[in-house]
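Below are the chains, spelled out letter by letter.
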Amino acid sequence: MTTFRTYLEIFLSHRVYIAIYLVMLSLVGVIIGLSAYSGTTGEFQVAPANVAVIDRDGSELSGALTRHVLQGNNQVEVADEKRAIQDAVARDQVSYLLVIPEGWGEGLLDAARRGTQAPNLETYVSYYSGMGRLLDIEVTGYADGLYGMAATLGGSAANVIAATDDAWEGSTQVSMVKQAAAPLPTSIAVAAEFASYPIFSSAMVCIAVLMSSVGRRPVRDRRLASPETARARNLALLGACVTIALVTWAWNFGLEVAVLGGSALAGSPVQLALVGAALLVYALVSASVGFLAGQLGVSENAANALANILGMVMSFLGGAWTGLSLLPDELLAVAHFTPAYWVTLVVEGAASMGEVSAATVLPLMGDLGVCALFGVTAVLVGLVLGRSRSRTQVA
Amino acid sequence: MLASLRTSVLSLARDKALLVWALAFPVIMTFIFMGMFSGLQDAYTTVGSTLGVVRDESYTAAVGLDEMIQAISDPMSSDRICDVTYYESAMAAEVAANAGEVDAYLTVDSAGTPQLHATNASVSQNGRLPISFLAEVLDSYQHTRNAVEKVAATRPEILSTGEAIGAFTGDAVKTVRLTATKNPPSADARYYYALLAMATGMGATAAMESVRRLLPTAGPLGARQALAAVPRWRMLVGALLGAWICEFACLLVAVLFMWGVAGVSFGSDTPGVVVALAASSLMACAAGALCGTVTRMETGMVSGITCLLSLFTGLYGTSSQQLADAIEATAPALAHANPLWQTTNCFYALLYYDTPDAFLESVAALLVMALVFLALASFRMRRTSYDHL
């Protein structure tokens, strides 16, 4: 017990590590969660895009088209200069930039009268090309409407616009399908998935720092010379690791629930508990990996590097940062061999659970079990290695 | 000075920490990114979803709706945005939606107005874009129908020829997609640049170790060096130069690897890339030297700080990129004060702009930061050396 307490004191004395890895990185996760869209409950709203319109025409028709495009989207002001357009598109400040060329309105009316092709509109699209395609449909749809009205009903530009706006009134209703269970807010799922990185790196770094100070030559010699058995010695260390993992988990998950999970606590407790369990298992796995690294005698620097690189690789491979649906199949096959994958699976599963029943919850529990196995393996290997290493060192 | 330089290079090469951070780390992550982005580019362009359609009397009665649904679900067409499953009743469709078989289902009311029902699961997993697409397509169907009905009400005679409908659906207005930037915007360049910036920041540990070895507090070796008959600034400059050369070389290899193996685009200005790397690694070395003079600082803290700063370059996935964009939009000064942001911006400027001013600004910012760090480091270095002598 004394050994265990000393370990915890060592852990607590490294305040800067705790401040950077544990406190700040997990705060970031919560901030990301806060900035995530969280209005899936109730009604659906079409995804708004950042749109800019450069109207070189200035006619009535181009004004109507501009009004229509900006409706329901976020307007971004972009000056009609090459550099400004480059900035806007390269930095993804606008997803869709529409340029209405000079004489477009007049050209459209002319073309409609003669039944020929109307002048083209120019667009710049940033790399989210899906959004660009969506707005393309919207823009060409409305412009085709203007063309059609001019071709059939005719009249002045104002008449054409009035007729088109009249027909373009209203939009398709999209409602969310009622499901038995209240869904988990997206913000908490996003924050929980991001949390895989701070949890892994903070648990592993803290443990590695602890192990390296315990493993310093004079300290290690004194420890090994004591009448303590290898089992008791390793268990105390393991206990300290588990405590660090619990602290990491409690801080991360507690923060998420406190800031983002108010409604989920009452509305969907089972899903929230699943997310909590997933993060807890992941924290324990991280601690066991840290324990293994310490038993292997990895230096503080190397452990630090390992914590960051492994943490990032796992979070990326596990789809925690981009979503599992974006991972290509080959990588998904590899991802099965990382604990982060199983955690993301549980978080995503809990977030989209249609109803709470044994049939939906149990498979997720199974995934958690797989994840836990990674931790058990690491601990067992660590214990065996620690035993044989200390023997050779004594001998 | 040469001797310090040599010692610095040798000890860094033996220590391996720098090799891990500035070379192995970007190479490993590049492999991961390569795997990930093979699907990412595709994922941004495909907006597909599975749509259930309730095929009842109202649906078949709605003019042109079935044709449109078939057009957007035709596997051969480039307009395909969904796969369609038909259901006999709204009840059956709802059951299928709750079971996760379809992302959304479509019903038509007695007035012929289509209505979309989306599932929470699909929105939380794939975002709002796929459903927004379906809604948009249905919108344009409905609007065109309104328009034709309006024409029919005012001038029924022109509807009989079919020309009226053709005027609305003939795709008379087209959009052409232009590129404003020197190279087309790419979603994955951002990840690679942020990764390079992180590797640069992590390289600061190398300079930190080199400088720390010179401190009188560093043990017998440090004490001997402090007493040596060589001006301190020479040792310092030598050690820093050594660290800088090592980090620069590692990063250069990493960039060559990204460019050669992963095919990451760095623009056409090769000397520019080299200058950007040199400036970034100089800044990192200067920062490392400053950290080295702080006795309580450990290498883990440097990497922790770098991890944190990397968040604001958008390394950690889509949500962190949104956060970084939001900060840049609301408080640009704060974003620009991040040295790692300046590093990524150098590469951005080379890739996207045809004028060099943005690139030069970022390089200048990096050099100013390096000078400030160096000045602070040398100030602190003087104090520690006199204190202990």
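Residues numbered from 1 in each chain as written. Chains lettered and ligands numbered in written order. Predicted model: local features only at pLDDT ≥ 70, side-chain atom pairs only at ≥ 80, totals over all residues. Heavy atoms only, no water.

(A) Structural view of the nonpolar core. Membership of the largest hydrophobic core comes to 159 residues, with the highest contact counts inside it found for M312 and F316 of chain A together with F25, F33, M198, F266 and Y316 of chain B. Those residues in contact with F33 of chain B that sit more than four places away from it in its chain are F316 of chain A together with Y191, Y192, L195 and L315 of chain B. (Core = buried A, V, L, I, M, F, W, Y, C linked by side-chain atoms within 4.5 Å. Buried < 20%, exposed > 50% of the residue type's maximum accessible area, 1.4 Å probe, protein only. Contact = heavy atoms within 4.5 Å.)

(B) Quick look at the interface of chain A and chain B. Chain A puts 100 residues into the contact, and the matching count from chain B is 108 residues. Linking D166 of chain A and K150 of chain B is a salt bridge whose minimum nitrogen-to-oxygen distance equals 2.9 Å. Our count for the contact surface shared by chain A and chain B stands at 30 residue pairs in polar contact (both at pLDDT 80 or more). The element contributing the most residues to the side of chain A that touches chain B is helix 6 (residues 129-152) of chain A, with 19 residues. One ladder, built from four bridges, connects strand 5 (residues 173-176) of chain A with strand 4 (residues 114-118) of chain B; its direction is parallel. Residue pairing in the sheet places M176 of chain A in a bridge with A118 of chain B of strand 4 of chain B. (Salt bridge = Lys/Arg side-chain N within 4 Å of Asp/Glu carboxyl O. Polar contact = N/O pair within 3.5 Å; in protein donor to acceptor, adjacent residues only side chain to side chain. Helix = DSSP H or I, 4+ residues; strand = E, 2+ residues; numbered from the N terminus. Pairing = 2+ DSSP bridges.)

(C) Representation of the domain arrangement of chain B in the model. On domain assignment, one finds that chain B holds domain 1 (2-39 + 187-383) and domain 2 (47-169). Using C-alpha coordinates to define each centre, domain 1 of chain B is positioned 53 Å away from domain 2 of chain B. (Domains from an automatic or database assignment.)

(D) Layout of the sheet that holds strand 5 (residues 175-178) of chain B. As summarised here, the arrangement of the five strands in space is 2(A)-1(A)-3(A)-4(A)-5(B), forming an open sheet in which the pairing is mixed. Two strands lie at the open edges of the sheet, namely strand 2 (74-75) of chain A together with strand 5 of chain B, each paired on one side alone. For strand 1 (residues 50-55) of chain A and strand 3 (residues 96-100) of chain A, the ladder comprises five bridges, and the chain directions are parallel. Considered in strand 3 of chain A, the bridge of V53 of chain A is made with L98 of chain A. The strands that helix 3 (residues 60-70) of chain A touches are strand 1, strand 2, strand 3 and strand 4 (121-125) of chain A; relative to strand 1 of chain A, the one it contacts most, it runs at about 175°. (Axes fitted to C-alpha atoms, helices over the stretch in contact; angles between N-to-C directions.)

(E) Just the pattern of salt bridges, in detail. A full pass over the atoms with the stated rule returns 11 salt bridges over all chains. Across the pair K82 of chain A and D354 of chain B runs a salt bridge whose closest N-O atoms are separated by 2.8 Å. Here D354 of chain B lies in the loop between helix 18 (339-352) and helix 19 (357-388) and K82 of chain A lies in helix 4 (residues 82-90), a pairing that spans two chains. With relative accessibility at 52%, the residue K82 of chain A sits in the exposed group. Put simply, R217 of chain A and D221 of chain A hold a salt bridge, and the shortest N to O gap is 3.5 Å. Taken as a pair, R217 of chain A and D221 of chain A lie in helix 10 (residues 217-225) at a separation of four residues, close to a single helical turn. Judged by its relative accessible area of 55%, R217 of chain A falls in the exposed class. Within the structure, one salt-bridge network assembled from shared partners comprises R56, D80 and E122 of chain A.

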